[in-house]
Amino acid sequence: MKIAIIGAGNLGLAIAKGVLHSNGATTMYLTKRNTSEIKDFEKYGNVTVTSDNQEAVKQSDILIFAVQPGHFANILEQVKDLLTENHVVISTITGFSISKMEEIIGADKYIIRSMPNTAISVGNSMTCLCSNELGKKRVDLAKAIFNRMGHTLEIPENQMQAATVICASGIAFWMRLIRATTQGAIQLGFDAKEAQELAMHTCNGAASLLIESGSHPEEEIDRVTTPKGCTISGLNEMEHQGLSSSLIRGIVTSFEKINQIKKG
């Protein structure tokens, strides 16, 4: 695959690393206004670093845009006349709809929106994808790219705002839960480093159990709760204090906020 990443900032570079480390690109172009910061990527041999977006588009088939939202429309205008029937346009820009992209480059292009989260930097992103009608023919290609850096799910575009809350904001929600567990462990006598290690790896194990087994969370809860035991006592106290309801209310509040931002 001949890939160009237009906008090699934190997200763009995370994607580049994921693709390069899995040998997923025949050639790769990385673009940035200040190329000195990313020159080291040329050590891979098949990577070209440039500030010329048009050159990158000419030399590539798969175009992954990871630029600031305010710059995206202008960049699409600059390259639209260079796009051919072979190009696949993949946007990582939050809130920039497929219809907006079609207005600029045309509905006769393969257009895909992706919404990765920050765990992409460690190869473990939950990335949601949607596309225009023509882009459906290339969604599997986008999945192949992002599956190298985690897990993908294809969803309708009208669910992208909700997916942003669950997957992108969700990283922060889970971080807060891990932090709270860490604080609890400290209160029980562990030092801070040990407490965080216990919390992190237990969280990772819980998610891995569900991923590997396909179980419902309550099934796994049943495995570790015994009559009159300490686990069910702790769970019930958390529910009395509103654990589940506060999480759900927080998620809904974030969703309401992201929709306000979109309208504004």
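Everything quoted here is computed from the prediction, not taken from an experiment.

### Things to note about the packing of aromatic side chains
Thought 1: Applying the stated rule across the entire model yields three aromatic pairs.
Thought 2: Ring geometry for Phe 65 against Phe 72: centres 5.4 Å apart, planes inclined by 55°, an arrangement best described as tilted.
Thought 3: A relative accessible area of 1% places Phe 65 in the buried class.
Thought 4: Among the aromatic residues, those joined into a ring-pair cluster are Phe 65, Phe 72 and Phe 96.

### Quick notes on the packing of helix H3 (residues 69-79) against helix H4 (residues 98-105)
Thought 1: At a closest axis distance of 9 Å, the pairing of H3 and H4 adopts a crossing angle of 30°. In the packing of H3 onto H4, the handedness of the crossing is right-handed. On the side of H3, the interface is formed by Phe 72, Ala 73, Leu 76 and Glu 77, while H4 contributes Met 101, Ile 104 and Ile 105.
Thought 2: For the contact of H3 with H4, the class distribution of residues is six nonpolar, no polar and one charged.

### Quick notes on the pattern of salt bridges
Thought 1: Counted under the stated rule, the structure contains eight salt bridges.
Thought 2: Salt-bridge contacts for Glu 37 lead to Lys 32; the nearest nitrogen and oxygen are separated by 2.6 Å.
Thought 3: Given the relative accessible area of 25%, Lys 32 is considered partly exposed.
Thought 4: Of the charged contacts, one joins Lys 136 and Glu 133 as a salt bridge, the two residues approaching to 3.2 Å between their closest N and O atoms.

### Some words on the UniProt feature "binding site: NADPH" (unreviewed entry) in the protein chain
Thought 1: Per the UniProt record, "binding site: NADPH" (unreviewed entry) is found at Asn 53.
Thought 2: Tracing the sequence through the fold places Asn 53 in helix H2 (residues 53-58).
Thought 3: Those residues within four positions of Asn 53 in sequence are excluded, and the remaining contacts are Ile 6, Thr 31, Ile 75, Gln 78 and Val 79.
Thought 4: For Asn 53, the side chain forms a polar contact with the side chain of Thr 31, separated by 2.8 Å.

### Digging into the nonpolar core
Thought 1: Membership of the largest hydrophobic core comes to 29 residues, with the highest contact counts inside it found for Met 28, Leu 30, Phe 41 and Ile 90.
Thought 2: Mapped by element, the contributors of at least two residues to this core are strand S1 (2-6), helix H1 (10-21), strand S2 (27-31), strand S3 (47-50), strand S4 (62-65), strand S5 (88-91), strand S6 (110-115) and helix H5 (139-146).
Thought 3: If one sorts the elements of this core by residue count, H1 sits on top with six residues.
Thought 4: Those residues within four positions of Phe 41 in sequence are excluded, and the remaining contacts are Leu 13, Ala 16, Lys 17, Leu 20, Leu 30, Val 47 and Val 49.
Thought 5: Ala 4, Ile 6, Phe 65 and Ile 111 belong to the second-largest nonpolar core, a separate cluster that totals 28 residues.

Criteria and cut-off values
- Residues numbered from 1 in each chain as written.
- Predicted model: local features only at pLDDT ≥ 70, side-chain atom pairs only at ≥ 80, totals over all residues.
- Heavy atoms only, no water.
- Phe/Tyr/Trp six-rings, centres within 6.5 Å; stacked < 30°, edge-to-face > 60°.
- Buried < 20%, exposed > 50% of the residue type's maximum accessible area, 1.4 Å probe, protein only.
- Axes fitted to C-alpha atoms, helices over the stretch in contact; angles between N-to-C directions.
- Helix = DSSP H or I, 4+ residues; strand = E, 2+ residues; numbered from the N terminus.
- Left-handed = near helix turned anticlockwise from the far one by under 90°.
- Contact = heavy atoms within 4.5 Å.
- Nonpolar A, V, L, I, M, F, W, Y, C, P; charged D, E, K, R; others polar.
- Salt bridge = Lys/Arg side-chain N within 4 Å of Asp/Glu carboxyl O.
- UniProt positions renumbered as here; feature names shortened; annotations may be inferred.
- Polar contact = N/O pair within 3.5 Å; in protein donor to acceptor, adjacent residues only side chain to side chain.
- Core = buried A, V, L, I, M, F, W, Y, C linked by side-chain atoms within 4.5 Å.

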